Amino acid sequence: MQPTLVILAAGMASRYGSMKQTESFGPGGETIMDYSIYDAIRAGFKKVVFIIREDFAENFKAIFEPKLKGKIETAYVFQSLTAFVGDRKVPAERAKPWGTGQAVLCLKGTVNEPFAVINADDFYGADAFVKAYDFLQNKCNAKEYAVVAYHLVNTLSENGSVSRGVLSTGSNNEMQGVTEHTKVFREGDKIVFEEGDRKGELSSNTQVSMNFFCFDANFIDLCESLFGQFLDANLDSPKAEFLMPYVADRFIKDGHGVIDVITTDAKWFGVTYKEDAPVVKASIDAQVKSGAYPPSLWS
């Protein structure tokens, strides 16, 4: 089956302060998502599924449907606070949905083929999509997934600390686990992390996950089986999140299969902070100037 690209676009952009998923960054008014979709099409993807908020659907479709028509098949699923919660009563203080793991679960019934999943507000680079498509076409199965890994030095923001999932790997370059560092930043010529009172240094070539995974469709069922357990343990925790990397980690630890680590030398950039926007625009302008992308993607 032809693999599908899934884009996580239901986030509320709390740190950024606006709907960065649809902000224009390219010279032709392109969003970061436009570049991901463009790269995915060049790599071979024929379908994209957007995970969005239902109340944003009309505006979202008005932005993307005209320019993508005839270029790639599109579909939409909606993530909500109550999706797959069952008869559990969600506390009133819970303000937003349950995280990326629940978002993937919302694909149930829509995606039945191998798929790549990415964040809407991350620029991943063409090489990542080529490698992901090749894996999904030739290796992905119910017992073998993949994560696209970036060198830490290629993923930092100049405007504040970032959260990064540091990958640990085995002898066959398979993922063994993810260590989440919630505060990673440059300090002089070093890259450091802070966890409470603890501070440590990370190598510039440390492999990190930027939430670019390749899954078989059975991963959606695994999300479903673990989401109920998560809710039973965390229903009354207003900020608890059921995250996709957690489910991937359980896939490994519970003996379901392996997750290959596919390394790319591409430079990631994104808009964690409002101050990142000019840097992203300049980076895209440089890519256009180099000939990597046309000045207007869809014309």
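Quick caveat, the model's predicted, so the values are computed rather than measured. Along each chain, residues carry numbers from 1 onward, in the same order as the chain's sequence is written. Local features are withheld for residues below a pLDDT of 70 in this predicted model, meaning they are given only at 70 or higher, and side-chain atom pairs are given and counted only at 80 or more; totals for whole chains, interfaces and linings count all residues. Working from all heavy atoms in the structure, the side-chain values ignore hydrogens and water.

**Student:** How should the pairing of strand β12 (residues 258-264) be read in this particular structure?
**Tutor:** Each regular strand shows side chains that alternate between the opposite faces of the sheet. Accessible area is worked out with a 1.4 Å probe on protein chains only. A residue is then buried under 20% of its type maximum, exposed over 50%, and partly exposed in between. The way it works is that DSSP assigns letters per residue, a run of H or I at least four long becomes a helix, a run of E at least two long becomes a strand, and they are numbered from the N terminus. β12 sits mainly inside the fold: 5 of its 7 residues count as buried. Strands were regarded as paired on the criterion that DSSP finds at least two bridges between them. With 7 bridges joining them, strand β6 (residues 144-151) and β12 adopt parallel strand pairing. Within the sheet, the bridge partner assigned to Glu144 lies in β12 and is Val258.

**Student:** Before we go on, may I ask you to explain the packing of aromatic side chains in this structure?
**Tutor:** The relation between two aromatic rings is expressed through the spacing of the ring centres and the mutual angle of the planes. When the centres of two rings from Phe, Tyr and Trp lie within 6.5 Å, Trp using its six-membered ring, the rings pair. Their planes under 30 degrees apart give stacked, over 60 give edge-to-face, and anything left gives tilted. Tallied over the full model, the rule gives 28 aromatic pairs. Relative to Tyr293, the ring of Tyr35 lies with its centre 5.2 Å away and its plane at 85°, an arrangement referred to as edge-to-face. Residue Tyr35 is found in helix α1 (residues 32-43), and its partner Tyr293 is found in the segment after α7 (277-290); the two are separated by 258 residues along the sequence. Tyr293 matches Tyr35 in its accessibility class, with the two residues each being buried. Centre to centre, the rings of Phe227 and Phe242 are 5.1 Å apart; their planes meet at 45°, and the pair counts as tilted. A residue pair is termed long-range when its members are at least 10 positions apart, and Phe227 in helix α5 (residues 218-234) and Phe242 in the loop between α5 and α6 (244-253) qualify at 15 residues. The pair formed by Phe227 and Phe242 is uniform in burial state, with each residue classed as buried. To sit over a ring, a charge needs its Lys NZ or Arg CZ within 6 Å of the ring centre and within 35 degrees of the ring normal. The aromatic ring of Tyr76 is capped on one face by Lys61, whose charged end is 4.8 Å from the ring centroid.

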